[in-house]
Amino acid sequence: VPTIYDVARRAQVSAATVSRVLNGSNSVDPALAHRVNAAVAELGYRRNEMARNLRRRQSSLWAMIISDVTNPFFTSMVRGVEDVASSAGYSVVLCNSDEHAEKESSYIAAAMAEQMAGVLISPSSNRIDGVSLLMEAKCPVVVIDRELQGFHGDTVLVDNEEGAHKATEHLVAQGYERIACITGPRWLSTALGRLRGYQHALAADKRPLDDALVRHSDFRERGGYDAMASLLDGGALPDAVFVTNNLMTVGALECLADRGLAVPRDIGIVGFDDIPWAHLVRPTLTTVVQPTYEIGMTGAQLLLRRIEDVNTEPRRILLSTELRCRDSSTRP
Ligand code: RIB
């Protein structure tokens, strides 16, 4: 079995240089790195990951803690993380917190016990204690999608407020009069940011804000259904609804179908998060599209950077959304 020394001999470099190339360091001269990679391929050299982990007292695993494995938003985000991770020699372990803070804490504890090389987390609560534990243990961590109050580390978010503003502004421009909003839990930054964007867009059009047109739910399909039912049964019947995530949009549409209401004739709908089949359903669905793959990729790149240097300056990256106008919000 070829060793790192065989590779070093063949490439005419030191074993330390081989190690630096295999660890993805960019401080190696490209010509030397090329020789090392060629020698690795010619000799069929494979690193002994277990021995390497024992030496570093750290595994080559990343924990990716997401809040809902059934939500397609996370599928594409995880793919972005995985692509960056695997090209840098890391494997990703998927942990589903199911929007439960306790489950999330136990995954954080597992990541620390297994000495994982890093953690990416889309938090299910605004509790910072778990993430603080990781930071105290010098475990590289990146927060993605949802902001954690009091966390001064690497974060990747989208401009939720701007996305919601564009969605509501579009409904206003279509001539809808009573625009409602179904948003997520009060403790999640995404739910609050999207609600703020909706409110600011109405205020910009000098419309009064009416709490009777707002519902907080759980970012789940059933929650969207119930919130829509409650709007329809409440005093202020809306003629359009901005729903702040994909699964709740599905639930809201189911409710409208059960009540025999037509979209967009009776009620216009704009959802947040694109759904792969948004352009296939009838009417096609207007959505605010998040750059899900890019969120994952950017988060993973920040994690790599932090693994290289645990003391590097934290970065907060804000990505943009795009409003994709389709038929569900286009007034006949
Ligand atoms: O449940 C997923 C939703 O919550 C997405 O909209 C995502 O942005 C998250 O915050």
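Below, the structure is looked at part by part. None of these values were measured; they are calculated from a predicted model. (Residues numbered from 1 in each chain as written. Predicted model: local features only at pLDDT ≥ 70, side-chain atom pairs only at ≥ 80, totals over all residues. Heavy atoms only, no water.)

### Some points on the overall build of the chain
Each helix and strand in the chain was counted, giving 12 helices and 12 strands. A buried classification covers 50% of the 332 residues belonging to the chain. Looking at the chain as shown, the accessible area adds up to about 15,500 Å², and 52% of this sits on carbon and sulfur atoms. For the chain, the centre of its 35 positive side-chain charges and the centre of its 41 negative side-chain charges are spaced 6 Å apart. (Helix = DSSP H or I, 4+ residues; strand = E, 2+ residues; numbered from the N terminus. Buried < 20%, exposed > 50% of the residue type's maximum accessible area, 1.4 Å probe, protein only. Areas by Shrake-Rupley, 256 points an atom, 1.4 Å probe, with all protein chains shown as cover. Lys, Arg positive; Asp, Glu negative; His and termini not counted. Charge placed at Lys NZ, Arg CZ, Asp CG, Glu CD.)

### Comments concerning the pairing of strand β10 (residues 286–289)
Residue alternation in β10 divides its side chains into two sets, Thr-286 and Val-288 and Thr-287 and Val-289, and both sets are buried. In this structure, β10 lies alongside strand β12 (residues 322–324), joined through 3 bridges in antiparallel fashion. Along β12, the bridge assignment pairs Thr-287 with Arg-324. (Pairing = 2+ DSSP bridges.)

### Overview of empty space enclosed by the protein
According to the stated counting rule, one finds 1 cavity of 30 Å³ or more in the structure shown. One number sums up the size of the largest cavity: a volume of about 100 Å³. Secondary structure elements with two or more residues in the lining of the largest cavity: α5 (72–87) and α9 (189–204). Per-class residue counts for the lining of the largest cavity are 3 nonpolar, 4 polar and 5 charged. (1 Å grid on protein atoms, 1.4 Å probe; cavity = no way out; pocket = protein on both sides within 12 Å on 5 of 7 lines; lining within 4 Å. Points joined across faces, edges and corners; volume = space filled by probe spheres on them. Nonpolar A, V, L, I, M, F, W, Y, C, P; charged D, E, K, R; others polar.)

### Some words on the packing of helix α2 (residues 15–22) against helix α3 (residues 30–43)
Relative orientation of the contacting elements α2 and α3 amounts to 90°, with a least axis distance of 10 Å. Between α2 and α3, the angle falls in the class roughly perpendicular. Where α2 abuts α3, its residues Thr-17, Val-18, Val-21 and Leu-22 lie against Leu-32, Ala-33, Val-36, Asn-37 and Val-40. Looking at the contact of α2 with α3 residue by residue, the class counts come to 7 nonpolar, 2 polar and no charged. (Axes fitted to C-alpha atoms, helices over the stretch in contact; angles between N-to-C directions. Parallel < 35°, antiparallel > 145°, perpendicular 65-115°, else oblique. Contact = heavy atoms within 4.5 Å.)

### Notes on helix α10 (residues 221–233)
The end-to-end C-alpha separation of α10 is 19 Å, in line with the 18 Å expected for 13 residues at 1.5 Å each. Turning to α10, its buried residues number three or more, namely Gly-223, Gly-224, Tyr-225, Ala-227, Met-228, Ala-229, Leu-231 and Leu-232. Taken together, the buried residues of α10 touch β6 (179–183), β7 (214–216), β8 (240–243), α11 (246–258) and β9 (268–272). (Expected span 1.5 Å × (residues − 1).)

### What to know about the site of the ligand
In the vicinity of the ligand, the contacting residues are Asn-71, Phe-73, Phe-74, Asp-145, Arg-146, Thr-190, Arg-194, Phe-219, Asn-245, Asp-273 and Gln-290. Between the ligand and Arg-194, the relevant distance is 2.7 Å, taken from an oxygen atom to a side-chain nitrogen or oxygen of the residue. Relative to its free-state accessible area of 280 Å², the ligand is covered by the protein chains to the extent of 100%. Comparing atom positions with the cavity grids shows the ligand to sit within the largest cavity. Contributions of two or more residues to the shell around the ligand are made by α5 and α9. (Near = heavy atom within 4 Å. Polar contact = N/O pair within 3.5 Å; in protein donor to acceptor, adjacent residues only side chain to side chain. Sits in = over half its atoms within 2 Å of the grid points.)

### A short note on the sheet that holds β8
The sheet built from 6 strands is open, its strands ordered β7-β6-β8-β9-β10-β12 with mixed pairing. Here the strands that pair on one side only, and so sit at the sheet edges, are β7 and β12. Strand-to-strand twist of the sheet, defined as the mean angle between neighbouring strand axes without regard to direction, takes the value 15°. Two strands pair when backbone bridges link them, and β6 and β8 are joined in this way by 4 bridges, in the parallel orientation. Note on β8: the bridge partner recorded for Ile-182 is Val-243.

### Considerations on the packing of aromatic side chains
In total, this model carries 3 aromatic pairs according to the counting rule given. The ring centre of Phe-272 lies 3.9 Å from the NZ or CZ of Arg-194, which sits over that ring. (Phe/Tyr/Trp six-rings, centres within 6.5 Å; stacked < 30°, edge-to-face > 60°. Lys NZ or Arg CZ within 6 Å of the ring centre and 35° of its normal.)

### A look at the sheet that holds strand β11 (residues 316–319)
An order of β2-β1-β3-β4-β5-β11 is seen for the 6 strands of this open sheet, with the pairing classed as parallel. This sheet does not close on itself; its edge strands, each paired only once, are β2 (91–96) and β11. Mean inter-strand twist for the sheet, computed between neighbouring axes without regard to direction, equals 15°. Across 3 bridges, strand β3 (residues 118–121) lies against strand β4 (residues 141–144) in parallel orientation. Note that in β4 the partner of Val-119 across the bridge is Val-141. Across the sheet, helix α6 (residues 101–113) lies against β1 (61–66), β2 and β3, angled at about 175° from β1, the strand it touches most. The sheet contacts of helix α12 (residues 292–308) involve β1, β3, β4, β5 (154–158) and β11, and relative to β5 the element is tilted by about 170°.

### Regarding the pairing of β9
Residues in a regular strand project their side chains so that they alternate between the two faces of the sheet. When you tally the buried positions in β9, you get 5 out of 5 residues, the bulk of the element. Neither face of β9 is exposed, since Gly-268, Val-270 and Phe-272 on one face and Ile-269 and Gly-271 on the opposite face are all buried. Pairing of β8 with β9, which is carried by 4 bridges, proceeds in the parallel orientation. Across the sheet, residue Val-243 finds its bridge partner in β9, namely Gly-271. For the crossover from β8 across α11 to β9, the handedness is right-handed. (Right-handed = clockwise from strand over helix to strand, strands pointing away.)

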